[in-house]
There are 4 protein chains.
Amino acid sequence: MIGEGETVEHLIDLDIVERENGKRIGALPRDYEALGEQLDRRGIAIDAIRDKVAAFKVAVPSWGVGTGGTRFARFPGPGEPRDIFDKIEDCSVIQQLTRATPNVSLHIPWDKADANRLKQSASRFGLGFDAMNSNTFSDAAGQKQSYKFGSLSHADAATRQQAVEHNLECIEIGKTIGSKALTIWIGDGSNFPGQVNFTRQFERYLDAVKQVYAALPDDWRLFTEHKMYEPAFYSTVVQDWGTNYLIAQETGPKAYCLVDLGHHAPNVNIEMIVARLIQFGKLGGFHFNDSKYGDDDLDAGSIDPYRLFLIFNELVDAELNGAKGFDPAHMLDQSHNVTDPIESLMLSATEVQRAYASALLVNRKALEGYQDTNDALMATQTLKTAFRTDVEPILAMVRYQSGGAIDPVAAYRAAGYRAKVAEERPAVASGGGGIV
Amino acid sequence: MIGEGETVEHLIDLDIVERENGKRIGALPRDYEALGEQLDRRGIAIDAIRDKVAAFKVAVPSWGVGTGGTRFARFPGPGEPRDIFDKIEDCSVIQQLTRATPNVSLHIPWDKADANRLKQSASRFGLGFDAMNSNTFSDAAGQKQSYKFGSLSHADAATRQQAVEHNLECIEIGKTIGSKALTIWIGDGSNFPGQVNFTRQFERYLDAVKQVYAALPDDWRLFTEHKMYEPAFYSTVVQDWGTNYLIAQETGPKAYCLVDLGHHAPNVNIEMIVARLIQFGKLGGFHFNDSKYGDDDLDAGSIDPYRLFLIFNELVDAELNGAKGFDPAHMLDQSHNVTDPIESLMLSATEVQRAYASALLVNRKALEGYQDTNDALMATQTLKTAFRTDVEPILAMVRYQSGGAIDPVAAYRAAGYRAKVAEERPAVASGGGGIV
Amino acid sequence: MIGEGETVEHLIDLDIVERENGKRIGALPRDYEALGEQLDRRGIAIDAIRDKVAAFKVAVPSWGVGTGGTRFARFPGPGEPRDIFDKIEDCSVIQQLTRATPNVSLHIPWDKADANRLKQSASRFGLGFDAMNSNTFSDAAGQKQSYKFGSLSHADAATRQQAVEHNLECIEIGKTIGSKALTIWIGDGSNFPGQVNFTRQFERYLDAVKQVYAALPDDWRLFTEHKMYEPAFYSTVVQDWGTNYLIAQETGPKAYCLVDLGHHAPNVNIEMIVARLIQFGKLGGFHFNDSKYGDDDLDAGSIDPYRLFLIFNELVDAELNGAKGFDPAHMLDQSHNVTDPIESLMLSATEVQRAYASALLVNRKALEGYQDTNDALMATQTLKTAFRTDVEPILAMVRYQSGGAIDPVAAYRAAGYRAKVAEERPAVASGGGGIV
Amino acid sequence: MIGEGETVEHLIDLDIVERENGKRIGALPRDYEALGEQLDRRGIAIDAIRDKVAAFKVAVPSWGVGTGGTRFARFPGPGEPRDIFDKIEDCSVIQQLTRATPNVSLHIPWDKADANRLKQSASRFGLGFDAMNSNTFSDAAGQKQSYKFGSLSHADAATRQQAVEHNLECIEIGKTIGSKALTIWIGDGSNFPGQVNFTRQFERYLDAVKQVYAALPDDWRLFTEHKMYEPAFYSTVVQDWGTNYLIAQETGPKAYCLVDLGHHAPNVNIEMIVARLIQFGKLGGFHFNDSKYGDDDLDAGSIDPYRLFLIFNELVDAELNGAKGFDPAHMLDQSHNVTDPIESLMLSATEVQRAYASALLVNRKALEGYQDTNDALMATQTLKTAFRTDVEPILAMVRYQSGGAIDPVAAYRAAGYRAKVAEERPAVASGGGGIV
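- An unreviewed UniProt entry lists chain A under the name L-rhamnose catabolism isomerase, with Pseudaminobacter soli as the source organism.

Now the structure itself:
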């Protein structure tokens, strides 16, 4: 099996990958075949599913390879990446072993660096760049105006201007490295009833976003992201998909809504929001993660894998129906507080693939029939049958056949990558939090 | 003090009202004056507030004067209204004593009756009719198609057609009795993932609503109401304000969104939704009530009175700013399971008035200043100062001066209305629920 | 394959079951074998799992075979059971086809009937009786005191006494038919702040429950059930597991807590509550169902199957560890509003079995190792690996080998049972709700 | 008017306080008198209420005078306190102007300092020390074992031992400065299903807490604090009051439960939890704050003032009934991200006092009568009448008569305290967060 290009550099020794794959290659074809026979009985060609899964990709966020934390504390792990170049190396490991994550999403100013060096660093590993992410939710060193009370929607025009210009700079950087989208998430909102006038704040936001939009290249898309709360705790400017839709509608045809799975009110039916945004041509893409309470930023599929499947059920439905303008961006956006970030991102990429693969197994013709005759039980069983089919042999086969690892975590651990970078990268002092 | 018209009939003996008012008329002017002095120091003329409050009205729902229940049981009270004419009598009592509820909102087919008799019955008490409410969330006796699996969005065209026609009939009835709006709330949705295709269901809904809209007289408005869940427990067609906004936008300029306070996800900032709908010209009105858990339909202001105030803070802001097309309909929509419905509706009308009166006390010039300078603490204190001012003397004075009762519940109880109707109206057997 | 006894009567023609099984018996052994091989690689003997699953049973509630509804409406299905004897027949069909539900749980007074006739009716189908359920959340016809304002915790002593006596009667009935437990769930609570004094209400409750406990036979258990809200909407007497635990502790060693999966606050970690109750020796059992919003009473595993698995992960852990006094009762408690209740109960029994089977696959030795070394990623993967293994071949084999149907719904539909009873049982008029 | 002692030092110039009071002293007696007359009509002596309010105190947390933040960013304000001595100075200002906060609660190791210097620093301003707070939710510099995977419940014995010893040290420090309680809140929990074994983790926790308890002086109390989530996002060891109660019960008579208002699941009825803990003798005290979404740590009473009132309604009820062992500790625990922390703490102390004052106005005899006769409407109105009475004149009079400021924020701002300390205390660089 051969990878994407001869010249691509691999930070995990290919011999180790081969050795680890060797331990598993005996059973894989048997499992794949048994599953194939089962699917064949349902009228599904396993190889066709495999090919679709092989073509499915999800971007990784540069900041995801660092250890996350909370306001109470951050407990760094060994070998924390020191800069964007370390981060790109870590991302390359994820891609090498999973073959599902060829693109990295940058966050500015955290990842600011010479554009040529960025491009070389990425292409060395066969990586590309996904959407650019601006940051106006924290103050950068030396910044003139503070974002303490807002950025794009700040009451003060100079602060808004600074935030707009930061976004324009993100576009400029993105143009040099081949990005095709800008994602805007802001912390603007309020902590007290009355602190802001909702309407005037949103008017200022819309005005600022339109300025950013005006600078967008023709082949770019603008993604705005809603979030119910945090860091603002009484209101946020873009609190839900309703406001997010209004933004996309007011701004223009290149403006789309981005759905982060953790940014909704308790109990909200997210898959339905996805369907609505598809229907009205404004689904831009996803930040995948999982959550039990708030914006927990846990690993995708770790808390409620069926919910992730139901979201992909909508995506596959739109894909097969040829929904107009449907081309969602996929990205992981998680906070890894107690795991090795590389391991979490590898498994999360796999979980997203798994949801996609499972959704491809849904018998949509039968489903439509049950829906049309109000056979709720058989309709939901049609989804369940697809969901409970263990598609791991398909995912493993895709990884194996594209040069990745059958078991990415096993290969990664066998290679001792973390210990190696821990030697090169100085330890970061624990703490950092204690904000309370 | 004189009521609205000589010829209006009063079911509560005016002597009793006078006697009850007599017990309280000593202190009222003193309290009113003391409050007036306090407000004067803040630059507020109490009489101007009083006049605005006097002009504020909220409609009562015909079904609200019956005892509510849950799927587990309904425990009827004494003297339950037997038909719409009994209901109108009960509503007249609310209006007589509070002077805040001159209009009644009908629910069809529950309140179906001869139009002339309806009009006469209402005008006998000086009452008018508010929005018409259609019912396609339950099956009426003799109905051809069942709404078990939906109505306006049903997979079957004949069922949708029946639901559309029912709404057209509601408009027709409304025209004969002077209503100017149709409110549509449906139970359509699903109980299982996969039971419905979200997009096709919503397309059918939009198509049906447009047919209803087409029959709307020029001076009518169409209100659609969103609800997160119940009776459907996995998804609802109009699940939130985002979808509700899309409906109003797709349908036409006479289509507006109605906000029921109990129909949102936990923790949602409802006052912000109100602000957004005002900003985009699509706030139609309210169903007032309160809730702690789900759509509890508790008495307005009984659980979180500050939230009700914050909503009115938005409404008063829009009123004073002359927000374009701003003319929200106010209606109570509650389920009275453990109280005398007339008492609950009287006090709830008062609570809504109270929130309005309190919001009128906000020093908006100061507030704007604090907002512009990010003085979050003083901004929120500006709201709090208004909220904690006890406006009861203003409300009582408005009732007294317009011929109502200073203490409506006391007057109502003194008059023995409930006991009297209990004699005329046969007792209803307890139970009815036990659906589990 | 042979059923449990020669003399047991089957309402689904055995020829039909055989014919339906015949369509599926070709693939089943192959799937079972393929899975067996996979499990064998993991060190798991599939036959041992099969035997454990075969021994696992879950009770069905008599009221579950009727169509449920909401306060807005109830839409009956065809062939609704008219009385407990019809219900027992329906339950026998569930047991015949799934072989997982040999016991029926009765609700008094709904299911009140001659004890001998009850026993004969059940034994005719090889059925037994599970826990007795009392009903003091609705008023029975002719009842002296109303439960409108409470039952076991009512302010009035006579009402409490009536509620106590009703529970004593349930025990008496249960004794005659071989039940060994009484389940108490009450609707007592309040709808308004201040309506009740929390402490005095709970004192009255404890006093009443102790009276019931005193009448409990030595070999019986008392199950109390907590619920956060509904039908009471501001507070409930037994609002959560904390209060439920206090009840069991105050009452005595035969008193246990029953966990209904739908009775918790949003986001609550239910599996952890289960673990706590096991640790402190007070887990009585379950009412299985699923929910997305409130107490939706949806089919078990239909919304969040991983949550159901995580609960069984705790149960299997306790079972293997020999947790002291661990002997939980399993019962389905669902409301079937849009499906054929028999079909929903058959599939839900299967879902519960599935969660149990999956939890048996967890490699607990490896899990403990990961837990002890804080390898969060591998620990959670250990659960995921078990969860995503498709155990359907095991469940199907258990059914087949014990005389049930490989595909219970297919066999049920092929037999036309619903159409047949619809002919015998008169149609029930739609409606019933409209309480609003 | 005279303060508590001649020798107490005041950081706010007394002339400024007098001047500011002078502006308001004209109206205050009139408002107080008008309110007094109104209360008199209800049978309440305003001076008795005033005296009770004057005796009511709430502690301030040392960490509360610094600016808070989130994982995304921290935006420091001017004049941030550099150490515990700066913090004590800031706390003295709060006490000087509000006269409601004579005690400061320390957090170790943040506030570690020479005991004599601590005592002198506090007594200089007439301050004392409240409960000690340990910190095992973040790693201190030089700490041997990391709390990344837990502290008191860690799988590793050495880490547990270190956490126990830290708590013992907190007791030792507390003994030297006159504290009488230790509050334990830990971040232990898990982020993934399976990461920990719930039962074994809790066993380890109980074992560790018992070791701490064993070192508690006879006249001390141990407060444990539950929290639903954050920093752990799948489970926490002490997730709710049920587990908290079990801890207090297992540990001993000096162990009590502390209730932080922001640490509950959505919709939970907190006042009922308070009542239950009182009833079972285990209410230790409060961390007051407010929240809309999660543990927002917003200013007390800023989001839902009625909820705060309802909690105090329980407390006053217990106080008047002489509930056994009832002696709750009151403390503010808030995060001030967008306000001057001194201002927020002053107003929050006032809000807590306000809730207490309002709860004192409840006509409890009438309330009991309504409760006993199930007059839900009048019962809840009894609470509402107390709540909506504006008690500000009482609070202002208490402050004035005890030497504080009628309007603490106005006096504070007039004195220019913040600007003054900003000159002395070096600016802190913005940022610190960006953990994401």
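The rest of the description comes next.
### Thoughts on the interface of chain D and chain A
- The partner chain A presents 55 residues to the 55 residues of chain D that form the contact.
- Of the roughly 4700 Å² buried between chain D and chain A, counting both surfaces, carbon and sulfur atoms make up 67%.
- At the junction of chain D with chain A, the criterion picks out 6 salt bridges.
- Glu230(A) is paired through a salt bridge with Arg71(D); the nearest N and O atoms lie 3.3 Å apart.
- Inspection of the chain D/chain A interface yields 11 residue pairs in polar contact (both at pLDDT 80 or more).
- Considered class by class, the residues forming the side of chain D that touches chain A number 24 nonpolar, 20 polar and 11 charged.

### Looking at the environment of Asp188(B)
All names here are of chain B.
- Tracing the sequence through the fold places Asp 188 in the loop between strand S4 (181-184) and strand S5 (189-190).
- Given a relative accessible area of 3%, Asp 188 falls into the buried group.
- When the C-alpha atoms of Asp 188 and Val 259 are compared, they prove to be 18 Å apart, with 71 residues separating the residues in sequence.
- Setting aside its immediate chain neighbours within four residues, Asp 188 contacts Gly 150, Ser 151, Leu 152, Ser 153, His 154, Ser 235, Thr 236 and Val 237.
- Within the structure, Asp 188 has its side chain in polar contact with the side chain of Ser 153 (distance 2.8 Å).

### Re the side chain of Thr339(A)
- Locating Thr339(A) in the fold gives a position in the loop between strand S10 (329-332) and helix H11 (341-360).
- Once residues within four sequence positions are removed from consideration, Thr339(A) is found in contact with Ser344(A), Ala376(C), Leu377(C) and Phe192(D).

### Re the pattern of salt bridges
- Considering all chains together, one arrives at 156 salt bridges over all chains under this definition.
- Asp407(B) is the partner of Arg24(B) in a salt bridge, and the nearest nitrogen-oxygen pair spans 3.7 Å. With a gap of 383 residues between them, Arg24(B) in helix H1 (residues 14-24) and Asp407(B) in the loop between helix H14 (392-401) and helix H15 (408-415) connect regions that are remote in the sequence.
- Residue classification places Arg24(B) among the partly exposed residues on the basis of a relative accessible area of 25%.
- You can call Asp407(B) partly exposed: its relative accessible area is 29%.
- One salt bridge connects Glu169(D) with Lys112(D), and the closest N-O pair in it is separated by 2.5 Å. One end of the pair, Glu169(D), is in helix H6 (residues 157-177); the other, Lys112(D), is in the loop between strand S2 (103-108) and helix H5 (115-123), with 57 residues separating them in the sequence.

### A short note on the relation of the copies chain D and chain A
- With an axial shift of 0.0 Å and an RMSD of 0.0 Å, the rotation relating chain D to chain A amounts to 180 degrees. In the structure described here, the two chain copies are related by an operation that fits a two-fold rotation axis. By C-alpha distance to the rotation axis, the residue of chain D lying nearest is Arg71(D), at 2.3 Å.

### Some thoughts on the environment of Pro426(D)
- Relative to the helices and strands, Pro426(D) resides in the segment after helix H16 (417-424).
- Between the alpha carbons of Pro426(D) and Ser123(D) there is a distance of 26 Å; along the sequence they are 303 residues apart.

### Quick notes on the UniProt feature "domain: Xylose isomerase-like TIM barrel" (unreviewed entry) in chain A
- Annotation from UniProt places "domain: Xylose isomerase-like TIM barrel" (unreviewed entry) at residues 101-297 of chain A.
- Between the end C-alpha atoms of residues 101-297 of chain A the distance is 19 Å, and the span holds 35% helix and 19% strand.

### Considering empty space enclosed by the protein
- As a volume, the largest cavity reaches approximately 780 Å³.
- Taken together, 50 residues form the lining of the largest cavity, with Asn267(A), Lys292(A), Arg307(A), Asn267(C) and Arg307(C) sitting closest to its centre.
- Those elements that place two or more of their residues in the lining of the largest cavity are helix H9 (270-279) and helix H10 (305-321) of chain A together with helix H9 (270-279) and helix H10 (305-321) of chain C.
- With 3 residues, H10(C) is the largest single contributor of residues to the lining of the largest cavity.

About the cut-offs
- Residues numbered from 1 in each chain as written.
- Chains lettered and ligands numbered in written order.
- Predicted model: local features only at pLDDT ≥ 70, side-chain atom pairs only at ≥ 80, totals over all residues.
- Heavy atoms only, no water.
- Contact = heavy atoms within 4.5 Å.
- Buried area = accessible area lost by both parts, 1.4 Å probe.
- Salt bridge = Lys/Arg side-chain N within 4 Å of Asp/Glu carboxyl O.
- Polar contact = N/O pair within 3.5 Å; in protein donor to acceptor, adjacent residues only side chain to side chain.
- Nonpolar A, V, L, I, M, F, W, Y, C, P; charged D, E, K, R; others polar.
- Helix = DSSP H or I, 4+ residues; strand = E, 2+ residues; numbered from the N terminus.
- Buried < 20%, exposed > 50% of the residue type's maximum accessible area, 1.4 Å probe, protein only.
- Least-squares fit on C-alpha atoms with pLDDT ≥ 70 in both.
- UniProt positions renumbered as here; feature names shortened; annotations may be inferred.
- 1 Å grid on protein atoms, 1.4 Å probe; cavity = no way out; pocket = protein on both sides within 12 Å on 5 of 7 lines; lining within 4 Å.
- Points joined across faces, edges and corners; volume = space filled by probe spheres on them.

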